[in-house]
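Commentary on secondary and tertiary structure
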Amino acid sequence: MSASAAEADLSEDEREGLEFIRETGGIHQSDFWKELDISSRKGSRIAESLAGQGLIQREETVYDGHNTYHLAPAARDLEFGLLMAGDMLSPFIGEEEVNHNSDAFSQWLMNLAYEEH
Amino acid sequence: MAFEELLNDPVIQKYLHELVGPTGMPVAAAPPDGEVTDEELAEELGLELNDVRRALFILYENDLAEYRRVRDEDSGWLTYLWTFHYENIPENLREEMDRLLEALEERLEYEQTHEFYLSEPAGIRFEFSEAMEQGFQCPETGAPLEPMENDDMVNAMERRIAELRDELNVDVGRDD
């Protein structure tokens, strides 16, 4: 199922939760349900459901001394255009090492400066 | 065809092109639903089997395809059944954004702490110590090396760094 199709089928609570996670850019599950003023059980159910549909990323973590999850917007929401300078893609793609003084990166930076000028 | 939504993104098209190159692009641009063999793809796309295999293995190395091997009971031949995993593209690109941000931050430091000289006719930039070694004369054209401002580049870098940090939700106070 595509992301937009999955989103159209969300319940009111799930939609609100997704909006909230996108607004914060990422939040711990233990703060998520408190901020939304819902029960922890309900918060957990919403987070699980959103993660299951690929709309958010949910990763185990330790926060404030207890085990919880970190909830973040799915990578598909990111602005991948930030990898571009003019019509040139980041020169590090397909490269093992990131060399910040490479000629290819200099070229990319000149494109970037030119584009914004 | 699967993953149409992702493949409509011009950055993603460019990304796949960067990985597999022009000869592999027909393979990368049209992932079928479900499993497919390399022979089927070659036949369907009218490509050399080797070019198809090369593209598939590049996708495999980037977590964008996987295969399982099945032995034909009659002939004893192995068949590779491939599945495309383009759902991993966004995560790969997120990592690329992280790598780009890191490089921008390191390069910004370098740009801000060095002075540069330009050979106008050759279009080559020299860092101060290099320029001095050359006696402030272009080694290719003999033209004098002139001081060069990098403010435009630095400004553009600072803007892109801010945008990337915002997009990737990097804490402003991080010190790693």
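Conventions used here
- Residues numbered from 1 in each chain as written.
- Chains lettered and ligands numbered in written order.
- Predicted model: local features only at pLDDT ≥ 70, side-chain atom pairs only at ≥ 80, totals over all residues.
- UniProt positions renumbered as here; feature names shortened; annotations may be inferred.
- Contact = placed C-beta atoms within 7 Å.
- Helix = DSSP H or I, 4+ residues; strand = E, 2+ residues; numbered from the N terminus.
- Nonpolar A, V, L, I, M, F, W, Y, C, P; charged D, E, K, R; others polar.
- Expected span 1.5 Å × (residues − 1).
- Buried ≥ 20, exposed ≤ 12 C-beta atoms within 10 Å, placed from the backbone.
- Arc of directions from axis to C-beta.
- Pairing = 2+ DSSP bridges.
- Axes fitted to C-alpha atoms, helices over the stretch in contact; angles between N-to-C directions.
- Left-handed = near helix turned anticlockwise from the far one by under 90°.
- pLDDT = per-residue confidence, 0-100.
- Core = buried A, V, L, I, M, F, W, Y, C linked by C-beta atoms within 7 Å.

Looking up chain B in an unreviewed UniProt entry gives the name Transcription factor E, with the organism given as Halobellus salinus. Quoted verbatim from the Subunit (unreviewed entry) field of the UniProt record, the comment on chain B reads "Monomer. Interaction with RNA polymerase subunits RpoF and RpoE is necessary for Tfe stimulatory transcription activity. Able to interact with Tbp and RNA polymerase in the absence of DNA promoter. Interacts both with the preinitiation and elongation complexes." Comment text from UniProt for chain B, heading Sequence similarities (unreviewed entry), reads "Belongs to the TFE family."

If you look chain A up in an unreviewed UniProt entry, it shows as Transcription factor from Halobellus salinus.

Each side of the interface is counted separately: chain A has 27 residues, and chain B has 30 residues. The element best represented in the side of chain A that touches chain B is helix H5 (residues 103-116) of chain A, accounting for five residues. For the side of chain A that touches chain B, the residue count by class is 16 nonpolar, eight polar and three charged.

This next bit is on helix H7 (residues 151-168) of chain B. Residue and element names in this part refer to chain B. Taking 1.5 Å of rise per residue, 18 residues should cover 26 Å, and H7 covers 25 Å from first to last C-alpha, within 8% of that figure. Within the span of H7, buried status applies to Met153, Ala156, Met157, Arg160 and Leu164. One face of H7 carries all of its buried residues, which in axial projection span an arc of 100 degrees. Every exposed residue of H7 that faces more than 90 degrees away from the buried side is listed here: Asp151, Arg159 and Ala162. A positive backbone phi angle near 60 degrees is found at Asn169, which sits one or two residues after H7.

Annotation from UniProt places "domain: HTH TFE/IIEalpha-type" (unreviewed entry) at residues 8-90 of chain B. Summarising residues 8-90 of chain B: 52% helix, 19% strand, and an end-to-end C-alpha distance of 13 Å.

For the rest of this paragraph, the subject is the pairing of strand S3 (residues 66-73) of chain A. Residue and element names in this part refer to chain A. Where strand S1 (residues 27-28) and S3 come together, two bridges link them in antiparallel fashion. Bridging across to S3, Ile27 finds its partner in Leu71. As paired strands, strand S2 (residues 56-63) and S3 are joined by eight bridges and run antiparallel to one another. The partner of Val62 across the bridge, within S3, is Asn67. Here S2 folds back onto S3, and the loop between the two strands holds two residues, one of which, Asp64, carries a positive phi near 60 degrees.

All names here are of chain A. Here Glu16 lies in helix H2 (residues 12-24). The class of Glu16 is partly exposed, set by 14 C-beta atoms lying within 10 Å. C-alpha separation for the pair Glu16 and Asp103, spaced 87 residues apart in sequence, amounts to 46 Å.

Residues and elements named next belong to chain B. Between helix H5 (residues 89-113) and H7, the shortest axis-to-axis distance is 10 Å and the interhelical angle comes to 150 degrees. Two packed elements cross with a definite hand, and for H5 against H7 that hand is left-handed. Here Met97, Asp98, Leu100, Leu101, Leu104, Glu105, Arg107, Leu108, Glu111 and Gln112 of H5 lie close against H7, whose contacting residues are Met153, Val154, Met157, Glu158, Arg160, Ile161, Leu164, Arg165 and Leu168. By residue class, the composition of the contact of H5 with H7 is eleven nonpolar, one polar and seven charged.

Before going further, it helps to spend a moment on unusual backbone geometry. Note: most residues except glycine have negative phi, and most peptide bonds are trans. If you check the backbone angles, Asp37 of chain A has positive phi at about 60 degrees while not being a glycine. For Asp63 of chain B, which is not glycine, the phi dihedral falls at a positive 60 degrees. Along the chain, Asp63 of chain B turns up in the loop between helix H4 (49-61) and strand S2 (65-71).

Okay, the confidence of the model for chain B next. Mean pLDDT over chain B stands at 92; residues scoring 70 or higher make up 96%. Interface confidence for the predicted complex, expressed as ipTM, amounts to 0.86; the pTM equals 0.77.

To continue, consider the environment of Met84 of chain A. Along the chain, the position of Met84 of chain A falls in strand S4 (residues 84-85). Here the alpha-carbon distance between Met84 of chain A and Trp108 of chain A, two residues 24 residues apart in the chain, equals 8.3 Å.

Here we come to the sheet that holds strand S4 (residues 116-119) of chain B. Residues and elements named next belong to chain B. The strand order across the open sheet built from three strands is S5-S4-S6, with neighbouring strands paired in antiparallel fashion. Single-partner strands in this sheet number two, and they are strand S5 (124-127) and strand S6 (146-148). Across the sheet, the mean angle from the axis of one strand to that of its neighbour is 45 degrees, orientation sign disregarded.

So, about the nonpolar core. In this structure, Val27, Ala55, Leu56, Leu59 and Leu100 of chain B are the most contacted members of the largest nonpolar core, which totals 34 residues. Broken down by secondary-structure element, the contributors of at least two residues to this core are H5 of chain A together with helix H2 (10-29), H4, strand S3 (78-84), H5 and H7 of chain B. Per-element accounting of this core gives the leading share, six residues, to H5 of chain B. With near-sequence residues (within four places) excluded, Leu56 of chain B lies in contact with Val27, Asp38, Ala65 and Trp82 of chain B. Among the nonpolar cores identified, the runner-up in size contains twelve residues, and Leu18, Phe32, Ala72 and Ala74 of chain A belong to it.

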